[in-house]
Structure formats: C-alpha cells, structure tokens
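Descriptive analysis of the structure
Next come the chains, spelled out residue by residue.
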Amino acid sequence: MRGTPTAPAYEVRLARPGEEGAICAVCRAGFAASSQGLLPPGVIERQANLYYDPARVREEIDTAGDTAEWQGYVVAASGEGAVLGAAGGGVTGRSTGNVHVLYLDPGLRGRGIGTALLDFLTEQQRSEGASQQWVSVTEGNELGIPFYLARGFVVRDRVPYAQSDDGSVAAHSLRMSRGIRGCDE
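Residues numbered from 1 in each chain as written. Predicted model: local features only at pLDDT ≥ 70, side-chain atom pairs only at ≥ 80, totals over all residues. Heavy atoms only, no water.

Digging into the pairing of strand β5 (residues 96-104)
Along β5, 8 of the 9 residues are buried, which leaves the element largely enclosed by surrounding structure. Joining the antiparallel neighbours strand β4 (residues 83-92) and β5 is a turn of 3 residues, in which Gly93 adopts a positive phi near 60 degrees. The sheet contact formed by β5 and strand β6 (residues 132-138) spans 4 bridges and is parallel. Among the inter-strand pairings, Val99 is bridged to a residue of β6, identified as Val135. (Buried < 20%, exposed > 50% of the residue type's maximum accessible area, 1.4 Å probe, protein only. Helix = DSSP H or I, 4+ residues; strand = E, 2+ residues; numbered from the N terminus. Pairing = 2+ DSSP bridges.)

In structure tokens, the structure reads:
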C-alpha cells in the first residue's frame with residue numbers, strides 16, 4: 001500500500017471484473033476536467049461515451065494481456081476498494097509502449113497517484129521489450145502536458161484529434177514520447 005498524509009492509502013494493480021463502473025466514472029471525470037475549454041461539450045460527451053462505456057471497459061478488463069497491444073486497465077485502489085485512478089496501455093511493434101489512458105480523481109492530483117499508475121504501465125511495457133513510450137495529449141491540456149513533460153516526455157508531433165459535429169477539426173493532439181530503457185530517444 002502506498003499513501004501520504006494528504007492521499008488515502010492505495011495499491012496499484014490490474015483492474016478486476018466489477019470495477020468497470022468505477023473506472024468509467026474516474027476516467028469520465030478526468031477526461032472532462034482535462035478537456036474543458038479545449039473540446040466542444042458535444043465532443044467531450046461523444047468521446048466519453050465511446051471510450052468509457054462500462055460494457056466496453058468490462059470487455060477490456062476481461063481481455064487484459066491477451067495481446068501485447070492491450071495489457072489491461074491498471075487501477076489505484078484505496079484500502080476500501082475505491083478506484084482513485086485508472087490507466088491502460090500496451091506495446092506495438094517490438095519496442096513501442098503506448099499510454100492509451102491515464103486519469104485520476106481530479107481532487108487527488110499532485111499526490112503521486114498518476115506517477116504510480118504511469119510507473120506500473122512503464123514496467124509492464126518494459127517487460128514486453130519496449131524501449132520507448134508514447135502518449136497523445138490534447139493540445140492545451142494544462143493538466144496532462146506538464147505531467148508528462150515532468151516525466152521526461154518530449155513533444156514530437158501535432159496531429160488532428162477530434163471532429164466537431166460539423167466535421168471540422170475540433171482540436172489537435174500532441175504526440176509525446178520518452179525513452180524507457182535509461183536513455184531518451
């Protein structure tokens with residue numbers, strides 16, 4: 001168990017069946033907080049409905065580790081079983097780790113939970129042979145971008161991310177990466 005005087009005690013582990021509702025709730029809240037003012041409300045709702053649907057997340061829990069591309073959801077769970085944060089990723093190719101999702105209860109930012117989730121994902125990806133790690137963050141996301149920059153990620157590219165209802169680009173995503181074998185690439 002980890003924890004500090006300002007954060008509840010928690011453990012970081014693979015998600016378990018039955019936690020999909022809590023994972024969806026924390027991811028929806030984190031996505032909404034990090035997207036506010038960057039994406040139109042309709043796009044936020046559409047993306048949240050697509051990615052954080054309990055049936056989809058349950059399927060992703062059930063198939064965790066079936067392929068290297070999806071190693072499963074990882075949660076920071078309190079001693080009482082509350083999901084404080086969730087993350088997930090996988091490895092593509094021979095050496096590329098990807099952080100697909102990493103959110104936590106917005107009220108618990110700055111207490112080490114996000115770092116603990118990222119560390120768990122990084123170790124999963126290293127164990128599959130990854131030497132670099134990539135993440136996409138919505139341009140202007142002042143919650144996510146500083147987090148990743150502080151952990152050695154570097155902005156490598158800017159690509160269209162989401163479409164508005166009229167089909168125009170609603171936002172761009174920054175593609176960021178870092179080396180995870182002891183040297184930046």
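Section: the packing of helix α1 (residues 20-35) against helix α2 (residues 41-51)
Where α1 contacts α2, the two axes come as close as 10 Å, and the packing angle between them is 155 degrees. With respect to α2, the element α1 is oriented roughly antiparallel. For the pair α1 and α2, the sense of crossing is right-handed. Contacts between α1 and α2 involve Arg28, Phe31, Ala32 and Ser35 from the first element and Ile44, Glu45, Gln47, Ala48 and Asn49 from the second. Each residue belonging to the contact of α1 with α2 can be placed in one class, and the counts come to 4 nonpolar, 3 polar and 2 charged. (Axes fitted to C-alpha atoms, helices over the stretch in contact; angles between N-to-C directions. Parallel < 35°, antiparallel > 145°, perpendicular 65-115°, else oblique. Left-handed = near helix turned anticlockwise from the far one by under 90°. Contact = heavy atoms within 4.5 Å. Nonpolar A, V, L, I, M, F, W, Y, C, P; charged D, E, K, R; others polar.)

Topic: the nonpolar core
Among the nonpolar cores identified, the biggest contains 24 residues, and Ile23, Cys27, Leu39, Tyr52 and Tyr73 are the most heavily contacted of them. Of all the secondary-structure elements, those providing two or more residues to this core are α1, α2, α3 (54-62), β3 (73-78), β4, β5 and β8 (169-179). The element that contributes the greatest number of residues to this core is α1, accounting for 5 residues. (Core = buried A, V, L, I, M, F, W, Y, C linked by side-chain atoms within 4.5 Å.)

Some thoughts on the packing of aromatic side chains
Counting across every chain of the model gives 7 aromatic pairs. Aromatic side chains Trp70 and Tyr73 sit 5.1 Å apart centroid to centroid with 75 degrees between the ring planes, which places their arrangement in the edge-to-face category. Of the two residues examined, Trp70 and Tyr73, each falls in the buried class. Within the aromatic cluster, the residues linked to one another by ring pairs are Phe31, Tyr51, Tyr52 and Tyr103. (Phe/Tyr/Trp six-rings, centres within 6.5 Å; stacked < 30°, edge-to-face > 60°.)

Distances and angles like these do not, on their own, reveal function.
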